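# Reading the structure
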Amino acid sequence: MTYDPLDEMFRRIDLAQAMEEQFGNSRDWPLRLRAAHAQLEQLRRLLGDSPYETFAASAVEAVRRRAESQGPRDLHSQYLGRELHEQEHILGEDAAHVAWGIASGLTVLLDDELYEKVITVAAAACGAGAAAGA
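To start, this report covers the structure provided alongside it. (Residues numbered from 1 in each chain as written. Predicted model: local features only at pLDDT ≥ 70, side-chain atom pairs only at ≥ 80, totals over all residues. Heavy atoms only, no water.)

## Let's talk about the overall build of the protein chain
A tally of helices and strands in the protein chain yields eight helices and zero strands. Each helix and strand of the protein chain, placed in order from N terminus to C terminus, yields the pattern α-α-α-α-α-α-α-α. Taken over 134 residues, the protein chain has a buried fraction of 39%. Considering only contacts within the protein chain whose residues lie at least 6 apart along the sequence, 63% involve residues at least 24 apart. In the structure as shown, the protein chain presents an accessible area of about 7500 Å², 53% of it carried by carbon and sulfur atoms. (Helix = DSSP H or I, 4+ residues; strand = E, 2+ residues; numbered from the N terminus. Buried < 20%, exposed > 50% of the residue type's maximum accessible area, 1.4 Å probe, protein only. Contact = heavy atoms within 4.5 Å. Areas by Shrake-Rupley, 256 points an atom, 1.4 Å probe, with all protein chains shown as cover.)

## Examining the packing of aromatic side chains
Following the criterion strictly, the structure yields one aromatic pair and no others. Sitting above the plane of the Tyr 79 ring, Arg 82 keeps its charged end 4.6 Å from the centroid. (Phe/Tyr/Trp six-rings, centres within 6.5 Å; stacked < 30°, edge-to-face > 60°. Lys NZ or Arg CZ within 6 Å of the ring centre and 35° of its normal.)

## So, the environment of Leu 33
Position of Leu 33 among the secondary structure elements: in helix H2 (residues 31-47). Sequence separation of Leu 33 and Val 118 is 85 residues, and the distance between their C-alpha atoms is 8.4 Å. Contacts of Leu 33, omitting those with residues within four sequence positions, involve Met 19, Phe 23, Leu 114 and Val 118.

What follows is the structure, given as structure tokens:
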């Protein structure tokens, strides 16, 4: 696969644009939201497009399952860990662990509601939201 700087730029724009539609101008975002954006961009660069889309779809599915759960809820990271474990054959063990680690950091950085919004927007920006039913 050859590196195309234009592809890279457009993918970065897709996430930034989607997040700006949801959260307003990026210059006005609080630091934790800017950090979440940067971490998702870095994760996409580390994993590559197709594995990142798998991660994003898994993350949206984890949010959905958590919302549907009855009784005491596990942490977002626990739901995501289960979803990514199911996708290890596609992502690979290392990629699944890296994705889980970065996303778990986002659950610490953001409150539950903001985490859910960011994950949903990120998935929609790469097209995984439609695949996950978001």
